[in-house]
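Breakdown of the fold
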Amino acid sequence: MQTTNSSTEEEEIFQVRKLEISDKKKGFVDLLQQLTLCDSISDEVFEEQFNEIAKCGDNHLICVIEDNNSGKIVGTGSVFIEKKFIRNCGKVGHIEDVVVDSSVRGKQLGKKIIGFLSDHARKMGCYKVILDCSVENRPFYERCGFKQKEIQMPHRF
Ligand code: 16G
């Protein structure tokens, strides 16, 4: 009996697409809770925030991976396109909130998400994409082509 899916099958099961309002019912918020603090959100507030983000159009993209067998959201990430004056009025893509459900790690879904977000930033004319990550995730992002440069200095409010 076959117990593992072939990579072609997995390609079909796990596809990256844009976030939809209905993804809340499919576990999108629970997934974010695996990354950091994310309180439960009412349907109304979720919809308001979704619509606010949608106003940014292609300048704020949130993607998800749905497991087409279970209908559950198992991966997500976002990219925000910042417009600058430096570098010839250049643009920078900020990759944020990348998380893959613990039950499906090891299937290269994180790489798929990063590829999707980076392609979007490139198409939008960004000269680079940047992100912050935990020390444990550094090897993963290095495999995706990122290099450590400088340091993060958050000032929490
Ligand atoms: C990680 C995330 C970052 C997120 C932060 C949350 C990626 C690439 N990095 O660094 O986007 O904002 O975790 O941590 O997904 P915080 O709740 O302590 O700000």
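Here, every reference points to the structure presented above.
Values in this document were obtained by computation on a predicted structure and should not be read as measured data. Along every chain, residues carry numbers that run from 1 in the direction the sequence is written. The predicted nature of this model means local features are confined to residues of pLDDT at least 70 and side-chain atom pairs, given and counted, to a pLDDT of 80 or more, with totals for whole chains, interfaces and linings taken over all residues. Hydrogens and waters are ignored; side-chain quantities use all the structure's heavy atoms.

**Here's the deal with the environment of Glu96**
For Glu96, the position within the fold is in strand E4 (residues 91-100). Distance from Glu96 to Lys72, taken between C-alpha atoms, is 21 Å for residues 24 residues apart in sequence. Leave out the neighbours within four places in its chain, and Glu96 touches Gly77 and Ser78. Each helix is a run of DSSP H or I of at least 4 residues and each strand a run of E of at least 2, with the numbering of both proceeding from the N terminus. Contact criterion: two residues are considered in contact whenever any of their non-hydrogen atoms come within 4.5 Å of each other.

**Side note on the side chain of Ser118**
With respect to the helices and strands, Ser118 occurs in helix H5 (residues 109-123). Each polar contact in these results corresponds to two N or O atoms within 3.5 Å; when the atoms are within protein, one needs to be able to donate a hydrogen and the other to accept it, and residues that are neighboring in sequence are counted only if both atoms are side-chain atoms. A polar side-chain atom of Ser118 sits 2.8 Å from the main-chain carbonyl oxygen of Ile114. Filtering out sequence-adjacent residues up to four positions away, Ser118 remains in contact with Ile95 and Val129.

**Some details on the packing of aromatic side chains**
Pairing of aromatic side chains here covers Phe, Tyr and the six-membered ring of Trp, requires ring centres within 6.5 Å, and sorts the geometry by plane angle: under 30 degrees stacked, over 60 edge-to-face, intermediate tilted. Inspection of every chain in the model, using the stated rule, returns three aromatic pairs. Ring plane angle 70 degrees and centroid distance 4.8 Å describe the contact between Phe140 and Tyr141, whose orientation is recorded as edge-to-face. Only protein chains enter the accessibility calculation, which uses a 1.4 Å probe. A residue is then buried if its area is under 20% of the maximum for its type, exposed if over 50%, and partly exposed in between. When its relative accessible area of 8% is taken as the criterion, Tyr141 is described as buried. Measuring from ring centre to ring centre gives 6.0 Å for Tyr141 and Phe146, while their planes differ by 80 degrees; the resulting arrangement is edge-to-face. The same class applies to Tyr141 and to Phe146, which are both buried.

**A short note on the site of the ligand**
Around the ligand, the neighbouring residues are Thr36, Glu96, Asp97, Val98, Asp132, Cys133, Tyr141 and Arg156. Between an oxygen atom of the ligand and a side-chain N or O atom of Arg156, the distance comes to 2.9 Å. For each residue, the test is whether any non-hydrogen atom lies within 4 Å of the molecule or strand; if one does, the residue is near.

**Quick notes on the pattern of salt bridges**
For this analysis, a salt bridge means a side-chain nitrogen from Lys or Arg found within 4 Å of a carboxyl oxygen belonging to Asp or Glu. Within this structure, the stated rule accounts for 13 salt bridges. Notably, a salt bridge pairs Arg17 with Asp23, separated by 2.8 Å at the nearest N-O pair. Residue classification places Asp23 among the buried residues on the basis of a relative accessible area of 0%. Between Arg122 and Asp119 there is a salt bridge, with the nearest N and O atoms lying 3.1 Å from each other. In this pair, Arg122 and Asp119 are both assigned in helix H5, three residues apart and thus about one turn of the helix distant. By sharing partners, the salt bridges in this structure join Arg17, Glu20, Asp23, Lys26 and Glu66 into a single network.

**Section: the sheet that holds strand E2 (residues 60-67)**
As summarised here, the arrangement of the five strands in space is E1-E2-E3-E4-E5, forming an open sheet in which the pairing is mixed. With partners counted over all chains shown, the strands left at the sheet margins are strand E1 (14-18) and strand E5 (126-130), one partner each. Mean inter-strand twist for the sheet, computed between neighbouring axes without regard to direction, equals 25 degrees. Here, any two strands with at least 2 DSSP bridges between them count as paired. As paired strands, E2 and strand E3 (residues 72-83) are joined by eight bridges and run antiparallel to one another. If you follow Glu66 over to E3, its bridge partner there is Ile73. Orientation is described by lines fitted to C-alpha atoms, with helices fitted over the stretch in contact, and by angles between N-to-C directions that extend from 0 to 180 degrees.

**Notes on the pairing of E5**
Inspection of the sheet shows E4 paired to E5 by four bridges, in the parallel sense. Bridged to Val92 within E5 is Lys128. As a crossover connection, the stretch from E4 through H5 into E5 is right-handed. With the strands pointing away from the viewer, any crossover whose connection runs clockwise from the first strand over the helix to the second is right-handed.

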